[in-house]
Amino acid sequence: MQIVPMTDHTGAEVRGLDLSRPVPDEVRTALRDAFVRHHVLAIRDQSLAPSQLVQAVSLFGEIFQQHNTRFALPECPQIHYLSNQDSFPDGRRYIPGEGWHTDHSNDTRPPKATILHAVQLPSFGGDTQFANMAAAYEALDAATKARIEPLIGIHVYQSSHSGRKLMALSEANKERVPNAVLHPVMRTHPESGARSIYINPIRIEGILGLDHKEALPLLAELLQHATEERFQYRHAWQPGDFVIWDNRCLLHKANGDYDMAEMRYLYRVMLQGDVPR
Ligand SMILES: [Fe+2]
């Protein structure tokens, strides 16, 4: 197995590994270390049926129950799918994952990682972009670091300030998804100890104790800074990619820049995380 960094801050490619076969303990340890060090791992050339994918992701942690069960695979509900072939009830096409975000931050214990496994890809485009929020935090000036350190973000299923609208939750799903949760705007990675900015434009409703006139410009300024190109890794998908990323220190976004007549379909799994601190 080879692990080859993609940039000097985010992303590594893993070659020479077959996740459909048993993985020795030392390889598992190397993968977990590489995940924490590189934040995004692209394990190439996999071909995993849903049950094999469940087995493969267990190398990295326990499966997290996703909030909107309408995307669960009937034959294997722990796995959801992402597809460009779904529409909103009004007929508009739904492109999952557009706009910068971190997954399910409206959970008390948001998923530490998300895994996507490419099943069908368009012939061109559809990259996933990642922004390294730890590198972005480190690059803040001292005054901004001090300003955000005590702040608490209010996260909800759908922020009223977000331009991107999510697919509505069913009544049963609303029952189990919190109305709002509080997370620090600066969080410390439980494994690496690195500090990072923790915001989420599609889920963050405000900052506790700040009025919107102050909170929204601050959040916009943090987002603009954190998504500068110097903090980004852009993943160009290849058939068979198994990509795992760390939601605790990254933002990501999909790009709906390809021919929508072509199918884009990936399996999605998330892994249980900790309470952000
Ligand atoms: Fe996402």
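Here the structure is a predicted model, which means the values were calculated and not measured. (Residues numbered from 1 in each chain as written. Predicted model: local features only at pLDDT ≥ 70, side-chain atom pairs only at ≥ 80, totals over all residues. Heavy atoms only, no water.)

> Looking at this structure, I do not really get the overall build of the protein. What am I missing?
Counting secondary structure elements, the protein contains 6 helices and 16 strands. In terms of overall size, the protein behaves like a compact globule, its C-alpha atoms giving a radius of gyration of 18 Å where 277 residues would be expected to give roughly 19 Å. Out of the 277 residues in the protein, the part that is buried amounts to 55%. Approximately 12500 Å² of the protein is accessible, and the part contributed by carbon and sulfur atoms is 49%. Charge-centre separation for the protein: the mean point of 28 positive side chains lies 2 Å from the mean point of 33 negative side chains. (Helix = DSSP H or I, 4+ residues; strand = E, 2+ residues; numbered from the N terminus. Rg over C-alpha atoms; globule rule 2.2 N^0.38 Å. Buried < 20%, exposed > 50% of the residue type's maximum accessible area, 1.4 Å probe, protein only. Areas by Shrake-Rupley, 256 points an atom, 1.4 Å probe, with all protein chains shown as cover. Lys, Arg positive; Asp, Glu negative; His and termini not counted. Charge placed at Lys NZ, Arg CZ, Asp CG, Glu CD.)

> Teacher, can you tell me more about the sheet that holds strand S3 (residues 40-43) here?
Strands in a sheet are paired, the pairing made by backbone hydrogen bonds, and the direction either parallel or antiparallel. The strand order across the open sheet formed by 8 strands is S1-S2-S3-S14-S6-S16-S5-S4, and the pairing between neighbours is mixed. Each end of this open sheet is capped by a strand with a single partner; those strands are strand S1 (2-5) and strand S4 (72-73). The pairing of strand S6 (residues 113-120) with strand S14 (residues 242-246) spans 5 bridges and is antiparallel. Paired with Ile115 across the bridge in S14 is Ile244. Against the sheet, helix H1 (residues 25-38) touches S1, strand S2 (12-15), S3, S6 and S14, its axis set at about 130 degrees to S3. (Pairing = 2+ DSSP bridges. Contact = heavy atoms within 4.5 Å. Axes fitted to C-alpha atoms, helices over the stretch in contact; angles between N-to-C directions.)

> Got a minute to help me understand the coordination of the iron ion in this structure?
As a benchmark, a tetrahedral metal site with four donors has ideal angles of 109.5 degrees, while an octahedral site with six donors has ideal angles of 90 or 180 degrees. Those donors, His101 (NE2), Asp103 (OD) and His252 (NE2), are the protein atoms that reach the iron ion, and they lie 2.1 to 2.2 Å from it. We note that the donor set of the iron ion lies within a single chain, spaced as H-x1-D-x148-H. Classification of His101 by relative accessible area gives buried; the value is 5%. (Donors = N, O, S within 2.8 Å, 3.2 Å for Na, K, Ca; no water.)

> What am I meant to see in the packing of aromatic side chains here?
Any aromatic ring pair is given by two values, namely how distant the centres are and how the planes are angled relative to each other. Applying the stated criterion across every chain yields a total of 8 aromatic pairs. Both rings, one in Phe71 and one in Tyr94, keep their centres 6.0 Å apart while their planes meet at 10 degrees; by these two values the pair is stacked. Of the two residues, Phe71 sits in the loop between helix H2 (50-57) and S4 while Tyr94 sits in the loop between strand S5 (76-83) and S6, which places them 23 residues apart along the sequence. Residues Phe71 and Tyr94 agree in their burial class; the two are buried. (Phe/Tyr/Trp six-rings, centres within 6.5 Å; stacked < 30°, edge-to-face > 60°.)

> I keep staring at empty space enclosed by the protein and nothing clicks. Help me out?
Gaps left between atoms show up when a probe the size of a water molecule is rolled over them. With the rule as written, the count across this model stands at 3 cavities of 30 Å³ or more. Taken together, 30 residues line the largest cavity, and the ones lying closest to its centre are Leu82, Pro96, Gly97, Arg164 and Arg268. Elements with a contribution of two residues or more to the lining of the largest cavity: S5, strand S15 (250-254) and strand S16 (265-271). In terms of residue count, S5 provides more of the lining of the largest cavity than any other element does, 4 residues in total. (1 Å grid on protein atoms, 1.4 Å probe; cavity = no way out; pocket = protein on both sides within 12 Å on 5 of 7 lines; lining within 4 Å. Points joined across faces, edges and corners; volume = space filled by probe spheres on them.)

> Would you explain the pairing of S14 in this entry?
Both faces of the sheet carry side chains from a regular strand, because those side chains alternate between them. Counting buried residues along S14, 5 of its 5 residues qualify, which places the element largely inside the surrounding structure. Strand direction decides the pairing type here: S3 and S14, joined by 4 bridges, are antiparallel. Following the sheet pairing, Ile43 is matched in S14 by Phe242.

> What is the right way to look at the nonpolar core in this model?
Nonpolar side chains in soluble globular proteins tend to end up buried together. Counting 40 residues, the largest nonpolar core has Leu19, Leu31, Leu41, Leu53, Phe60, Phe242 and Ile244 as the members making the most contacts within it. Among the elements of the structure, S2, H1, S3, H2, S5, S6, S14 and S16 are those that each provide at least two residues to this core. When residues in this core are grouped by element, the largest group, 5 residues, is from H1. Discounting chain neighbours no more than four positions away, the residues touching Leu41 are Ala12, Val14, Leu31, Ala34, Phe35, Phe60, Phe242, Val243 and Ile244. Ranked by size, the runner-up nonpolar core spans 21 residues in total, among them Met133, Leu140, Leu151 and Ile197. (Core = buried A, V, L, I, M, F, W, Y, C linked by side-chain atoms within 4.5 Å.)

> Which parts of the structure should I look at to understand unusual backbone geometry?
Trans is the prevailing form of peptide bonds, just as negative phi is the prevailing case for residues other than glycine. We note that His39 has phi near 70 degrees; this positive angle belongs to a residue other than glycine. Structurally, His39 is set in the loop between H1 and S3. Look at His39 and you get buried, because its relative accessible area is 12%. The backbone of Asp45 sits at a positive phi, close to 60 degrees, despite the residue not being glycine. For Asp45, the position within the fold is in the loop between S3 and H2.

> Where do I start with the sheet that holds strand S9 (residues 181-184) in this structure?
Across the sheet, 3 strands lie side by side as S9-S8-S12; this open sheet has antiparallel pairing. Looking at which strands have only one partner, the edges of the open sheet turn out to be S9 and strand S12 (204-207). For this sheet, the mean angle separating the axes of adjacent strands, direction not counted, is 30 degrees. Relative to S9, strand S8 (residues 152-155) is paired through 4 bridges, and the arrangement is antiparallel. Along S9, the bridge assignment pairs Gly153 with His183.

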